[in-house]
Amino acid sequence: EPTMHPDLALAVKRAKELAYGSVTIDTNGYLFNDIVDRVTPDEVDYFSFSLDGPDPSVNDPLRGKGSFEACTHGLKTAKKRGFAISLIYTVSQANIDHLYRMPPLLAELGVNRFFIQVIGVRGQWVENEEQRDSLAQVDRETWLTVIPQVAETVAQNGIAVSFPKVFLDPEE
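This structure is a prediction, so every number in the text was calculated from the model and none was measured.

Novice: Can you tell me about the packing of helix H3 (residues 56–63) against helix H4 (residues 67–80), naming the residues and giving the values?
Specialist: Following both chains from N to C, one finds H3 and H4 inclined at 100°, their axes separated by 8 Å at the closest point. Taken together, the axes of H3 and H4 lie roughly perpendicular to each other. Of H4, the residues touching H3 (which contributes Pro56, Asn59, Asp60 and Arg63) are Ser67, Phe68 and Glu69. A per-class count over the contact of H3 with H4 returns two nonpolar, two polar and three charged.

What follows is the structure in structure tokens.
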């Protein structure tokens, strides 16, 4: 969690001095701390929060108990202080059926950018058979049906949205 690093504010200020094109601070939102007191919206282009569901019942089993409330609280705090916000939603079998519920929440929270990403097949969850099945990547048909539809709805709400091309066409 980058926001735990004691020198993060100094690193952000230095990046601006060095004329970095953009400075984004990624956070799981669960451990989001006093970083909004130590940097300004002129120094940070985006705070990027990770949220994997539209409510605690979907998000918390994936991110940890209480993480939905902690993340949305941190996001709202940053937004009130004038920071631009991006949100990352990591798609898996466990939450794909809830992705369509995200656009209203994004609008309510004042999110500026929305990233839909595919879950990586790595980490501790692959060692646990029960988790491996629920957190597996979605299949081609589901991804190509659900993701573009949700992305279009998000974009219609004036929120920038992006997602990777996960499945290549045969000629690619």
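The rest of the description comes next.
Novice: Explain the side chain of Thr72 to me, using residue names and the numbers behind them.
Specialist: Relative to the assigned elements, Thr72 resides in helix H4. A distance of 3.3 Å separates the side chain of Thr72 from the backbone oxygen of Glu69, its partner in a polar contact. Non-local contacts of Thr72, meaning those with residues more than four positions away in its chain, are made with Leu51 and Leu109.

Novice: Which residues make up the packing of aromatic side chains, and what values go with them?
Specialist: Going through the model one piece at a time under the given rule, you end up with three aromatic pairs. Here the aromatic rings of Phe47 and Phe49 are separated by 6.5 Å at their centres, their planes lie at 40°, and the arrangement is tilted. Of the two residues, Phe47 and Phe49, both sit in the buried class. Seen in terms of ring centroids, Tyr89 and Phe114 are 6.3 Å apart; in terms of plane orientation they differ by 70°. Their pairing is edge-to-face. Residue Tyr89 is found in strand E3 (residues 85–91), and its partner Phe114 is found in strand E4 (residues 113–118); the two are separated by 25 residues along the sequence. Of the two residues, Tyr89 and Phe114, both sit in the buried class.

Novice: Quick one: what's the story with the sheet that holds E3, residue by residue and with numbers?
Specialist: The strand order across the open sheet formed by five strands is E1-E2-E3-E4-E5, and the pairing between neighbours is parallel. Where the open sheet ends on each side, the last strands, each with one partner, are strand E1 (24–27) and strand E5 (160–162). Averaged over all pairs of adjacent strands, the angle between strand axes in this sheet comes to 20°, irrespective of strand direction.

Rules used in this analysis
Note on numbering: residues in each chain are counted from 1, in written sequence order. Only residues with pLDDT of 70 or above have their local features reported here, since the model is predicted, and side-chain atom pairs are shown and tallied only from 80 upward, although totals for entire chains, interfaces and linings are computed over all residues. As a convention, hydrogens and water are excluded, and side-chain values are obtained from all of the structure's heavy atoms. Every axis in this analysis is a line fitted to C-alpha atoms, fitted for helices over the stretch in contact. Angles between the N-to-C directions lie between 0 and 180 degrees. Secondary structure is summarised from DSSP: a helix means a run of H or I of at least four residues, a strand means a run of E of at least two, and numbering begins at the N terminus for each. Angles are sorted into four bins: roughly parallel if under 35 degrees, roughly antiparallel if over 145, roughly perpendicular if 65 to 115, and oblique for all others. A contact between two residues is defined here by any heavy atoms of the two lying within 4.5 Å. Side-chain classes are defined by residue name, with Ala, Val, Leu, Ile, Met, Phe, Trp, Tyr, Cys and Pro counting as nonpolar, Asp, Glu, Lys and Arg as charged, and the others, Gly among them, as polar. N or O atoms within 3.5 Å of each other form a polar contact, as long as, within protein, one can give a hydrogen and the other can take it, and as long as residues adjacent in sequence are counted only when both atoms are side-chain atoms. When two rings of Phe, Tyr or Trp (its six-membered ring) have centres within 6.5 Å they constitute a pair, described as stacked for plane angles under 30 degrees, edge-to-face for angles over 60, and tilted for the intermediate range. Here the term buried applies to any residue with accessible area under 20% of the maximum for its type, exposed to any over 50%, and partly exposed to those in between, with areas from a 1.4 Å probe on protein chains only. Should DSSP find at least two bridges between two strands, the strands are taken to pair.

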